[in-house]
Amino acid sequence: MEKSRNATIDIFRVVGAILIIMIHTSSHNIVFYAVANTLGRYVVPIFMMITGYFYYHNKLSQKKKLLHSLLFLWIIWQVVYIPVGINNLMGKSFLVIVVRLIQGLVGASIFYNGSWYLIATVFGICFVDYLKDRWNKRILFIIGVFVWLADCLMTNYVGILPLDQSEIHTLELLNPHSSIFTGVLWIIIAYFISENIIFLKEKCTLGLFVISFVLLLIEYTGIQHFNIGSLNNDMYVMLPISATVLFVILLKSRYKVRPKISLMLRNMATLTFFVQFGVLAAFSKWNSVNSNPNYFFLVVVLTLLVSYAIIMLSKLRMFVFLKCLY
């Protein structure tokens, strides 16, 4: 008899991947922009926390397999998007090309922006793994707080720093938030959740999440009103707290489905995350499409269709190699 599997996390992965598409397509829609930059900002942090949490609940052999899988996906999608990267580098100086390629090793790649999430997760896990048994856990906590506050200052609170517009623009181009720097914060949080999960499951309720989310909305409104944020508006003071509460609530949920459905959801989420960058690149030259109010829905539909097609084709012997994409 086929056992059921808790699908809450896998459903969140699919919804989260779609919210990431909204982040990348919402600049011409005020409602989508607000949703993307509030609810959407939970997604990548919780993706990292999911990986980190289950990493710390796995055996050593499974831990190594997970890290190898993340690194392989990071590499294979860089290869897939080489044409996009070449196009992005056309007309750039040699120095800019070198800087962008080096930046791609620790953050957003010239081939596709989402690459930073994978390398940041791997680095965060290696960083925490190395230090958690060598240093006092309070030191890890202090490092996490430092990264949290630094991320806030480099993104939504950059306007309070004594920087001129050219310096802010340089910071936005370097985008240290979308790098291995941020991975340290979310994996530290994942580690502490794994160490205190029983206590947190008792304390993290839906009501607490609603309160934390309302406070994040107030923070978002204030940042917009006083215009102190950066183009890279990823981090809020409330985000680590609210994202932790939401993640624990997801862990507490027990929505069951058959393992095959759960696996399909997980594979669709993985492919949706990666495929969107190809769809976005294909539309990047068409200004009339980019500014269309239905742009988000168009990208979502095409991304889901391509992702589903890859999964179905990979079941055929001739195209089994496509499984390496997810």
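Refer to the structure presented above.
A few points on the structure.

Parameters at a glance
Residues numbered from 1 in each chain as written. Predicted model: local features only at pLDDT ≥ 70, side-chain atom pairs only at ≥ 80, totals over all residues. Heavy atoms only, no water. Helix = DSSP H or I, 4+ residues; strand = E, 2+ residues; numbered from the N terminus. Buried < 20%, exposed > 50% of the residue type's maximum accessible area, 1.4 Å probe, protein only. Areas by Shrake-Rupley, 256 points an atom, 1.4 Å probe, with all protein chains shown as cover. Lys, Arg positive; Asp, Glu negative; His and termini not counted. Charge placed at Lys NZ, Arg CZ, Asp CG, Glu CD. 1 Å grid on protein atoms, 1.4 Å probe; cavity = no way out; pocket = protein on both sides within 12 Å on 5 of 7 lines; lining within 4 Å. Points joined across faces, edges and corners; volume = space filled by probe spheres on them. Nonpolar A, V, L, I, M, F, W, Y, C, P; charged D, E, K, R; others polar. Salt bridge = Lys/Arg side-chain N within 4 Å of Asp/Glu carboxyl O. Expected span 1.5 Å × (residues − 1). Core = buried A, V, L, I, M, F, W, Y, C linked by side-chain atoms within 4.5 Å. Contact = heavy atoms within 4.5 Å. Phe/Tyr/Trp six-rings, centres within 6.5 Å; stacked < 30°, edge-to-face > 60°.

This paragraph deals with the overall build of the chain. Secondary structure assignment for the chain yields 16 helices and two strands. The principal-axis extents of the C-alpha atoms in the chain amount to approximately 55 × 55 × 40 Å. Counting over 326 residues, the chain shows a buried share of 49%. With an accessible surface of roughly 17,100 Å², the chain has 70% of that area assigned to carbon and sulfur atoms. Between the centroid of the 26 positive side chains of the chain and the centroid of its 12 negative side chains there is a distance of 15 Å.

Now for the layout of surface pockets. Reported here for the second largest pocket is a volume of approximately 1,200 Å³. In terms of lining, the second largest pocket is formed by 34 residues, of which the most central are Arg13, Ile50, Thr51, Leu66 and Arg266. At the level of secondary structure, the elements contributing two or more residues to the lining of the second largest pocket comprise β1 (5–6), α1 (8–25), α3 (43–55), α4 (60–80), α7 (115–132), α13 (239–252) and α14 (259–283). No other element matches the seven residues that α14 contributes to the lining of the second largest pocket.

Examined against the element boundaries, Phe226 turns out to sit in helix α12 (residues 206–226). On a C-alpha basis, the gap between Phe226 and Gly159 in space is 9.0 Å, while along the polypeptide they are 67 residues apart.

Moving on, we get to empty space enclosed by the protein. The tally for this structure, following the rule as stated, stands at one cavity of 30 Å³ or more. The computed volume of the largest cavity comes to approximately 30 Å³. Around the largest cavity, the lining residues are Thr25, His28, Asn29, Asn290, Asn292, Pro293, Tyr295 and Phe296. For the lining of the largest cavity, a count of residues per class yields three nonpolar, five polar and no charged.

Our focus in this paragraph is the pattern of salt bridges. Within this structure, the stated rule accounts for five salt bridges. With a shortest N-O distance of 2.7 Å, Arg13 and Asp10 are connected by a salt bridge. Placement of the pair is Arg13 and Asp10 together in helix α1, with a separation of three residues, close to one helical turn. Between Lys132 and Asp133 there is a salt bridge, and its shortest N-O distance comes to 3.2 Å. By sharing partners, the salt bridges in this structure join Asp10, Arg13 and Arg266 into a single network.

Now for the environment of Val31. Among the structural elements, Val31 can be located in helix α2 (residues 30–36). With a relative accessible area of 51%, Val31 lands in the exposed category. Along the primary structure Val31 and Leu304 are separated by 273 residues, whereas in three dimensions their C-alpha atoms are 22 Å apart.

In this model, α13 (14 residues) spans 20 Å end to end at C-alpha, consistent with the 20 Å of a helix rising 1.5 Å per residue. Buried residues dominate α13, accounting for 11 of its 14 residues. Listing the buried residues of α13 in full gives Leu239, Pro240, Ser242, Ala243, Thr244, Val245, Leu246, Phe247, Val248, Leu250 and Leu251.

What follows deals with the nonpolar core. In terms of nonpolar packing, the biggest core is built from 94 residues, with Tyr42, Ile46, Met49, Trp77, Trp186, Ile193 and Phe247 touching the most fellow members. Among the elements that take part in this core, helix α10 (residues 180–195) stands out by supplying 10 residues, more than any other. Apart from residues lying up to four places away in sequence, Trp186 is in contact with Pro45, Met48, Met49, Met235, Leu239, Pro240 and Ala243. In this structure, Ala150, Met154, Val158 and Ile168 belong to the second largest nonpolar core, which totals five residues.

Here we come to the environment of Phe123. Here Phe123 shows up in helix α7. With 131 residues separating them in the primary sequence, Phe123 and Arg254 have C-alpha atoms 31 Å apart. Setting aside residues no more than four positions away along its own chain, Phe123 makes contact with Ile180 and Val184.

Let us look at the packing of aromatic side chains. Applying the stated rule across the entire model yields 25 aromatic pairs. Consider the rings of Tyr112 and Phe277, whose centres lie 5.5 Å apart with planes at 55 degrees: the pair is tilted. Of this pair, Tyr112 sits in the loop between α6 (94–106) and α7 while Phe277 sits in helix α14, and the two are 165 residues apart along the sequence. The buried category is assigned to Tyr112, whose relative accessible area is 3%. Measuring from ring centre to ring centre gives 5.6 Å for Phe273 and Phe277, while their planes differ by 80 degrees; the resulting arrangement is edge-to-face.

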